[in-house]
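Tertiary structure, described
Below, each chain spelled out in residue letters.
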Amino acid sequence: MKAYRASLLWFAPQNDSPAQALFEEDGLLVIGPDARGMQVVQAVGSWHELSPRYPDVPVEQLAGRIIAPGFLDLHVHFPQTNVIGSPAAGLLPWLEDYTFPEEMRFDSPDYSAQAAAFFVAELLRNGVTTALSFATSHPASVQALFREAQRNSLRMITGLCLMDRHAPAALLNRVGPARAADGARNAAEQSLLDSQALIEAWHGKERLGYAITPRFAPTSTDAQLRGAGELAAQYPDVWIQSHVAENKDEVAWARELFPASRSYLSVYADFGLMRNRAIYAHCIHFDDDDRALMRETGAAAAISPTSNLFLGSGFFDYEAADRIGFAYGLASDVGGGTSFSPFHTMLAAYYVAREGQTKTGLSLSPQHLWWQHTAGAARALGLDGKKGQPAVGNLLPGCEGDFVVLNPRATPLLARKTALATNLDELLFSMIVLGDDRLIERTVISQAIPSASKSAVT
Ligand code: GUN
Ligand code: ZN
């Protein structure tokens, strides 16, 4: 067991609405192993109340620091680190001109491995402790990211990008000569066999999870989407991730390619790809029937505001999402997104929500923004401790011990501004507006304790 004395930020247990933030100026966070040997939160609260209960636990003193839950990134592309900041007229030319050429390079295991090492290090530097990430259409890229996440004990969910049409040949799923033994007759079948093999190898291994990953409907044939839905039915606890309703040209293209479906989002429902643990990036150009479909199926939106602003895609409608009531959380969407920093993403979400709040003229509260990147995102991902699932994104007892140590004096301006805060909202808003990787002094990851040493710790 180990304890940390610092200011603490976490969230009250949640019902259906965004949870209220809790703050303890002089707090104690006690971390110790659970029955699985995972480091989890044992106690959180005021130092005065808790310290007498843990007299023998060593305490690290972190005066002037704030401990907060590790951030979740609900949608990011590990092969697009080099694509950040590539200007284009919109999503489709951006894919053609910058993204597809870079992703082709991930055919190489070596290229994938070095990119994965940089990516995971960058997540950790920015305080991200759980991510749902795209890889490319090359199995080597998926293997590389899983291996690197495993090495760092990061909670990582990823999967083979399914795309069997409408992209350069080097980026489409392929039936290689060495794979004929699998019995695949075409790229769609091969991509699904490869996905299944990756599920068997990685899903549920330590902190890793698999996501069935059709890139977006326009780059998959009906056969590939149907097969993806069948695979999802076979593995009910794997995740599903894709893109939807991001850009008007993309929506028109999807409608043209799938005229039988009621809407672009319905294409995914029609192929069995909407359910709990299905995370759809963007969800901008929706009508209320689409929003109701999200709610009824239990799918969640990964809101990616820096990407939507950078690519000129549009504005996620928070008012409509809350009126209908479906799950959502925040995402960087690097490399369409411009930053790995959750602070930049939260600030962009504030701008986006301002755009939509025509009735009140107000935007989201800082507590709500922070919740969307932590406990709210964990709930959207099905990692909030319900139904025996692990819990992340919060510091309630039982949550995995992933947290960040924030230094609110990390820059002269942060020190000056946070010292002026007279309440929690002012403090959080100062960090959201002025924060970046410099605010993250340390990222602590929950480690599984090897069983041999478990008895020594407990
Ligand atoms: N739609 C299909 N592929 C992509 C991608 O890589 N990034 C974004 N932002 N949207 C997409
Ligand atoms: Zn994306």
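Below is a short write-up of the structure. (Residues numbered from 1 in each chain as written. Chains lettered and ligands numbered in written order. Predicted model: local features only at pLDDT ≥ 70, side-chain atom pairs only at ≥ 80, totals over all residues. Heavy atoms only, no water.)

**Structural notes on the pattern of salt bridges**
According to the stated counting rule, one finds 24 salt bridges in the structure shown. The partner of Arg295 in a salt bridge is Glu296, and the shortest N-O contact between them spans 3.2 Å. Note on Arg295: relative accessible area 41%, which makes it partly exposed. The network of salt bridges with shared partners includes Asp34, Arg36, Arg155, Arg207, Glu400 and Asp402. (Salt bridge = Lys/Arg side-chain N within 4 Å of Asp/Glu carboxyl O. Buried < 20%, exposed > 50% of the residue type's maximum accessible area, 1.4 Å probe, protein only.)

**Some words on the site of ligand 1**
Around ligand 1 lies a shell formed by His77, Gln80, Leu91, Trp94, Leu95, Arg215, Phe216, His243, Glu246, His282 and Asp333. Arg215 places a polar side-chain atom, nitrogen or oxygen, 2.7 Å from an oxygen atom of ligand 1. Contacts to ligand 1 include Asp333, whose side-chain N or O atom sits 2.9 Å from a nitrogen atom. Compared with its free state, where it exposes 280 Å², ligand 1 has 100% of that area covered by protein. No other element matches helix α2 (residues 91–104), which puts three residues into the shell around ligand 1. Taken together, the residues of the shell around ligand 1 break down into four nonpolar, four polar and three charged. (Near = heavy atom within 4 Å. Polar contact = N/O pair within 3.5 Å; in protein donor to acceptor, adjacent residues only side chain to side chain. Areas by Shrake-Rupley, 256 points an atom, 1.4 Å probe, with all protein chains shown as cover. Helix = DSSP H or I, 4+ residues; strand = E, 2+ residues; numbered from the N terminus. Nonpolar A, V, L, I, M, F, W, Y, C, P; charged D, E, K, R; others polar.)

**Description of the sheet that holds strand β1 (residues 2–11)**
Strands sit in the order β3-β2-β1-β4-β14-β15 across an open sheet of six strands; the sheet is mixed. Each end of this open sheet is capped by a strand with a single partner; those strands are β3 (39–46) and β15 (440–444). The average angle at which neighbouring strand axes cross in this sheet is 40°, direction not considered. With four bridges connecting them, strand β14 (residues 403–406) and β15 associate as antiparallel partners. The residue of β15 that forms the bridge with Leu406 is Ile440. Strand contacts of helix α16 (residues 424–434): β1, β2 (21–33), β4 (59–69) and β14, with the helix running at about 70° to β2, the strand carrying the most contacts. (Pairing = 2+ DSSP bridges. Axes fitted to C-alpha atoms, helices over the stretch in contact; angles between N-to-C directions. Contact = heavy atoms within 4.5 Å.)

**Structural notes on the state of the cysteines**
Two cysteines form a disulfide when their sulfur atoms are joined by a covalent bond. The full count for this structure, using the stated rule, is zero disulfides. Here Cys161 stays unpaired: no disulfide links it, and the sulfur of Cys283, its closest cysteine neighbor, is 17 Å away. Look at Cys161 and you get buried, because its relative accessible area is 0%. (Disulfide = S-S within 2.5 Å.)

**Remarks on the coordination of the zinc ion (ligand 2)**
Protein coordination at the zinc ion (ligand 2) comes from His75 (NE2), His77 (NE2), His243 (NE2) and Asp333 (OD), with a distance range of 2.0 to 2.3 Å. Around the zinc ion (ligand 2), the four donor atoms sit at angles spanning 92 to 168°, and that spread fits a shape best called irregular. In the primary structure, the donors to the zinc ion (ligand 2) are separated according to the pattern H-x1-H-x165-H-x89-D. With His77 in strand β5 (residues 71–77) and His243 in strand β10 (residues 239–244), the pair connects residues that are 166 residues apart, well separated along the chain. Pair check on accessibility: His77 and His243 agree, each one buried. (Donors = N, O, S within 2.8 Å, 3.2 Å for Na, K, Ca; no water. Tetrahedral: all angles 85-135°; square planar, octahedral: opposite > 155°, others 65-115°.)

**Here we look at the packing of helix α4 (residues 139–151) against helix α5 (residues 187–202)**
Here α4 crosses α5 at 15°, and the two axes come no closer than 11 Å. Taken together, the axes of α4 and α5 lie roughly parallel to each other. Here the hand of the crossing between α4 and α5 comes out right-handed. Between α4 and α5, the residues in contact are Pro139, Val142, Gln143, Phe146, Arg147 and Gln150 and Asp194, Leu198 and Trp202, respectively. (Parallel < 35°, antiparallel > 145°, perpendicular 65-115°, else oblique. Left-handed = near helix turned anticlockwise from the far one by under 90°.)

**Section: empty space enclosed by the protein**
In total, this model carries one cavity of 30 Å³ or more according to the counting rule given. The volume enclosed by the largest cavity comes to roughly 100 Å³. Lining the largest cavity are 13 residues, with Leu91, Trp94, Leu95, His243 and Glu246 positioned closest to its centre. Examining the composition of the lining of the largest cavity, we find that three residues originate from one element, α2, more than from any other. The residue inventory of the lining of the largest cavity, partitioned by class, reads five nonpolar, five polar and three charged. (1 Å grid on protein atoms, 1.4 Å probe; cavity = no way out; pocket = protein on both sides within 12 Å on 5 of 7 lines; lining within 4 Å. Points joined across faces, edges and corners; volume = space filled by probe spheres on them.)

**Focus: a nonpolar patch on the surface**
A cluster of nonpolar side chains, Leu309, Phe315 and Tyr351, forms an exposed patch at the surface whose accessible area comes to about 290 Å². Topologically, Tyr351 is positioned in helix α12 (residues 342–356). Judged by relative accessible area, Tyr351 falls into the partly exposed class, the value being 45%. (Patch = residues over 30% accessible without salt bridge, like charges linked within 9 Å, V, L, I, M, F, W, Y side chains within 5 Å.)

**Some thoughts on the pairing of β1**
Burial of β1 is extensive: eight of the 10 residues sit out of reach of the surface. Pairing of β1 with β2, which is carried by nine bridges, proceeds in the antiparallel orientation. Bridged to Ala3 within β2 is Val30. Here five bridges tie β1 to β4, and the two strands are oriented parallel to one another. Each residue of the ladder has a partner; that of Tyr4, found in β4, is Glu60.

**Comments concerning the nonpolar core**
Ranked by size, the top nonpolar core spans 109 residues in total, and within it Ile212, Tyr268, Tyr280, Phe316, Tyr318, Trp370 and Leu406 carry the most contacts. Counting residues in hydrophobic clusters, the runner-up holds 17 residues, among them Ala302, Leu381, Leu383 and Val392. (Core = buried A, V, L, I, M, F, W, Y, C linked by side-chain atoms within 4.5 Å.)

**Here we look at the layout of surface pockets**
When its volume is computed, the largest pocket comes out at roughly 760 Å³. Asn276, Gly298, Ala327, Arg379 and Ala380 are the residues nearest the centre of the largest pocket, which is lined by 29 residues in total. A class-by-class count of the residues in the lining of the largest pocket yields 11 nonpolar, 10 polar and eight charged. Taken as a whole, the second largest pocket holds about 360 Å³ of empty space.

In short, the description is geometric, and any link to function would need to be established separately.
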